[in-house]
Amino acid sequence: QQQVKQSPQSLIVQKGGIPIINCAYENTAFDYFPWYQQFPGKGPALLIAIRPDVSEKKEGRFTISFNKSAKQFSLHIMDSQPGDSATYFCAASVNRAGKSTFGDGTTLTVKP
Amino acid sequence: NAGVMQNPRHLVRRRGQEARLRCSPMKGHSHVYWYRQLPEEGLKFMVYLQKENIIDESGMPKERFSAEFPKEGPSILRIQQVVRGDSAAYFCASSLDKNTEAFFGQGTRLTVV
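Below, the structure is looked at part by part.

What counts, and where the lines are drawn
- Residues numbered from 1 in each chain as written.
- Chains lettered and ligands numbered in written order.
- Predicted model: local features only at pLDDT ≥ 70, side-chain atom pairs only at ≥ 80, totals over all residues.
- Heavy atoms only, no water.
- Contact = heavy atoms within 4.5 Å.
- Buried area = accessible area lost by both parts, 1.4 Å probe.
- Salt bridge = Lys/Arg side-chain N within 4 Å of Asp/Glu carboxyl O.
- Polar contact = N/O pair within 3.5 Å; in protein donor to acceptor, adjacent residues only side chain to side chain.
- Nonpolar A, V, L, I, M, F, W, Y, C, P; charged D, E, K, R; others polar.
- Disulfide = S-S within 2.5 Å.
- Helix = DSSP H or I, 4+ residues; strand = E, 2+ residues; numbered from the N terminus.
- Buried < 20%, exposed > 50% of the residue type's maximum accessible area, 1.4 Å probe, protein only.

## So, the interface of chain B and chain A
Contacts between the two partners involve 22 residues from chain B and, on the opposite side, 18 residues from chain A. Of the roughly 1,600 Å² buried between chain B and chain A on both sides combined, carbon and sulfur atoms contribute 45%. Area buried by chain B at its contact with chain A is led by Leu43, Glu101 and Phe104 of chain B, which between them contribute 30% of it. The interface formed by chain B and chain A includes 2 salt bridges. We note a salt bridge from Asp56 of chain B to Lys99 of chain A, for which the minimum N-O separation is 2.7 Å. Connecting chain B to chain A are 10 residue pairs in polar contact (both at pLDDT 80 or more). For the side of chain B that touches chain A, the residue count by class is 7 nonpolar, 7 polar and 8 charged.

Here it is in structure tokens:
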């Protein structure tokens, strides 16, 4: 049973647009929610992460919004650039452990 | 400080052969995690090891797959008698301890022909 559901599967935006990727989880024991960026042929790289005691976290152009009661969280990319084109994964874990449950990924294309 | 190193980057095996994937964690890291990524899917946890111990293997297939992390040397993920369905990208991650961030390697792409 998949425990982290991610949508959409793919997303195309124009340069400067604000793509939004959504994730929902089921296991209430999860207390750490990272987002990873993956380029073709590379491993996932941590982008930004949030804990459930915070409703929003911003790092540069990347913002996570977190809704604990709905068990949902989302990634917003402000002023998106073609270089942001990649696959994005949300994940969830307990105590920031290396054992994480990943969503299936969103392939983002930012057109110039 | 080198990151997590995985080799080989690409591995081709015929059905029935054995595949050995190696992972050298970041310097000072003693916790290693293996994940498998099938095409168009997210990463699926396989196994968590600490030096000389398997901590959690809840994601490992019951047959043909094994993992080790010896006192000296890299962690090894071993797949015996590979089948086409084993074709995937296998990623290793390492962390300083069990409650700190894990960093991923670039993966090994296994193709079974």
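Having put the structure on the table, let's press on.
## Notes on the state of the cysteines
Counted under the stated rule, the structure contains 2 disulfides over all chains. Here Cys23 of chain A is linked by a disulfide to Cys90 of chain A, with a sulfur-sulfur distance of 1.9 Å. As the torsion about the S-S bond is roughly -95°, the Cys23 of chain A-Cys90 of chain A disulfide counts as left-handed. Of this pair, Cys23 of chain A sits in strand E3 (residues 20–25) while Cys90 of chain A is found in strand E9 (residues 86–92), placing the two residues 67 residues apart along the sequence. Here Cys23 of chain A and Cys90 of chain A have matching classes, each one buried. Across a sulfur-sulfur distance of 1.8 Å, Cys23 of chain B and Cys92 of chain B are joined as a disulfide pair. Taking the torsion about the S-S bond as the criterion, the Cys23 of chain B to Cys92 of chain B disulfide, at about -50°, is left-handed. Pair noted here: Cys23 of chain B is in strand E3 (residues 19–24) and Cys92 of chain B is in strand E9 (residues 88–95), with a separation of 69 residues, a long-range link. As far as the burial class goes, Cys23 of chain B and Cys92 of chain B line up, both buried.

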